Amino acid sequence: MATAEPIIMPGYQGEAIHGPYDDPDGDSDADSGVPDYSGASVEQAFELFSAAAPRGWRVELIEGEIHVTPPANGEHEEFVSELSHQVGERRHDRSLRNYTGIGLDVPGASGTGHVVPDLVVAPKGSFDSKDEWHDPAPVLLVAEVTSGSTAERDLDKKIHGYARAGIPVYLLIDRREGEVTVCSEPSGDAYARAPKHKLGQTVPLPAPLGFELDTAEF
């Protein structure tokens, strides 16, 4: 069975948004009553895609591009589950909690980006509101587990937003390369430190986490 690929709208600049009610034959009245979204901003387009996405799909605005990604496969979720378990068991600060499916506002190349990391570690109560997108200030760690459709932005574009937001640790598990990268010490739109470890090794996490992950369990 073919794997669904993400929808990407790079550099959206207000072009017309086409949908299932467009008039493919050019009949003048075929789309009467359908709103005209020509000239919509990238933020408006993002809201439209978010509202229209099927349940379980992830819609993100990363460095000015809209990404609509299908649900992850089972192997990906096993990685996320094991990571969440180890963080929960080994963290020293028992007030911290693990969050999945939390939307974060991060500084984009221009304006605001909206991202949904695979895992967020933050103090209990950090997201105690009905907002869909949250301030990343309390976040101590974000983690991403790459998929075939997300690897490029996890390895490159998301780093910039997380660093600009001042998130202390970005943990990146690259299934394709069998590597774990621990990004720390955010500075500008990058991290000053980003040591790589092969999957199967014990991976130390820097402060404020300060414990080791056993990646042989992934």
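Position labels on residues start from 1 in each chain and follow its written sequence. For a predicted model such as this one, the threshold for reporting local features is a pLDDT of at least 70, and the threshold for listing and counting side-chain atom pairs is 80 or more; totals across whole chains, interfaces and linings nevertheless cover every residue. Side-chain numbers here rest on the full set of heavy atoms in the structure, without hydrogens or water.

So, the overall build of the chain
Condition: By definition, any uninterrupted DSSP run of H or I lasting at least four residues is a helix, any uninterrupted run of E lasting at least two residues is a strand, and each is numbered from the N terminus. Under the scheme applied here, a residue whose accessible area is under 20% of the maximum for its type counts as buried, over 50% as exposed, and between as partly exposed, the area being computed with a 1.4 Å probe on protein chains only. Any two residues having at least one pair of non-hydrogen atoms within 4.5 Å are treated as being in contact. All accessibility values rest on the Shrake-Rupley procedure with a 1.4 Å probe; residue burial counts only the protein chains present in the view.
Along its length, the chain carries 3 helices and 15 strands. Counting across all 218 residues of the chain, residues that qualify as buried make up 42%. Of all intrachain contacts in the chain linking residues separated by at least 6 positions in sequence, the fraction that spans at least 24 positions is 55%. Accessible area of the chain: about 11400 Å², with a carbon and sulfur share of 48%.

Brief notes about the environment of Gly111
Structurally, Gly111 can be placed in the loop between β5 (103-107) and β6 (112-115). Taking relative accessible area as the criterion, Gly111 reaches 57% and is therefore assigned exposed. As for Gly111 and Glu43, which are separated by 68 residues in sequence, their C-alpha atoms are 9.3 Å apart.

Details of the nonpolar core
Applicable threshold: The definition of a nonpolar core used throughout is a set of buried Ala, Val, Leu, Ile, Met, Phe, Trp, Tyr and Cys residues joined through side-chain atoms within 4.5 Å.
Counting residues in each nonpolar core, the largest one holds 21 residues, and the members touching the most others are Leu83, Leu141, Leu171, Leu205, Leu209 and Leu213. Breaking this core down by element, the ones donating at least two residues are α2 (74-90), β7 (119-123), β9 (141-145), β10 (169-174) and β11 (179-187). Sorting elements by how many residues they give to this core places α2 first, with 4 residues. If sequence neighbours within four positions are ignored, Leu213 has contacts with Leu83, Gln86, Val87, Arg90, Leu171, Gln201, Thr202, Val203 and Leu205. Core analysis: the next-biggest nonpolar cluster, separate from the first, contains 19 residues, Tyr99, Ile102, Val115 and Ala163 among them.

Re α2
For an α-helix, 3.6 residues make a turn, and residues three or four places apart therefore share a direction. The test is simple: What a helix is expected to span follows from its residue count: subtract one and scale by 1.5 Å. In the analysis that follows, any N or O atom pair within 3.5 Å is treated as a polar contact, provided that within protein one partner can donate a hydrogen and the other can accept it, and provided that, for residues neighboring in sequence, both atoms belong to side chains.
Compared with the 24 Å implied by 1.5 Å per residue over 17 residues, the 24 Å span of α2 between its first and last C-alpha is a close match. Of all the residues in α2, the buried ones are His76, Phe79, Val80, Glu82, Leu83, Gln86, Val87 and Gly88. Lining the buried residues of α2 we find β4 (96-99), β7, β9, β10 and β15 (212-214). One side-chain oxygen at the N-terminal end of α2 lies 3.3 Å from the backbone nitrogen of Glu75; it belongs to Asn73.

Side note on the packing of aromatic side chains
Selection criterion: Planes of paired rings set the category: under 30 degrees apart is stacked, over 60 is edge-to-face and the rest tilted, where pairs are Phe, Tyr or Trp rings (Trp by its six-membered ring) whose centres lie within 6.5 Å.
Here the structure, examined in full by the defined rule, presents 4 aromatic pairs. Considering the side-chain rings of Phe46 and Trp133, the 5.7 Å spacing of their centres and the 55° angle between planes classify their relative orientation as tilted. Here Phe46 is found in helix α1 (residues 42-52), whereas its partner Trp133 is found in strand β8 (residues 133-134), with 87 residues between them in sequence. Ring centres of Tyr99 and Phe127 lie 4.9 Å apart, and the angle between their planes is 90°; this geometry places the pair in the edge-to-face category. Of the two residues, Tyr99 is situated in strand β4 and Phe127 in the loop between β7 and β8; the sequence distance between them amounts to 28 residues.

Description of unusual backbone geometry
A cis amide bond, omega 10°, links Ala207 with the succeeding residue Pro208. In this fold, Pro208 is placed in the loop between β14 (202-204) and β15. Positive phi, normally seen in glycine, also occurs at Glu63, with a value near 50°. If you trace the backbone, Glu63 turns up in the loop between β2 (58-62) and β3 (65-69).

Quick notes on the pattern of salt bridges
Here is the rule we go by: Take a side-chain nitrogen of Lys or Arg and a carboxyl oxygen of Asp or Glu: if they are within 4 Å of each other, that pair is a salt bridge.
Summed over the entire model, instances satisfying the criterion amount to 9 salt bridges. Glu60 is paired through a salt bridge with Lys158; the nearest N and O atoms lie 2.8 Å apart. Taken together, the residues span a long stretch of sequence, with Glu60 in strand β2 and Lys158 in helix α3 (residues 151-164) at a distance of 98 residues. Note on accessibility: Glu60 and Lys158 belong to one class, buried. The partner of Glu63 in a salt bridge is Arg164, with the nearest N and O atoms 2.8 Å apart. Of this pair, Glu63 sits in the loop between β2 and β3 while Arg164 sits in helix α3; the two residues are 101 residues apart in sequence, bridging distant segments of the chain. Judged by its relative accessible area of 22%, Glu63 is partly exposed. A residue is classified by how much of its surface remains accessible, and Arg164, at 28% relative accessible area, is partly exposed. Overlapping salt bridges bring together Glu60, Glu144 and Lys158 as one network.

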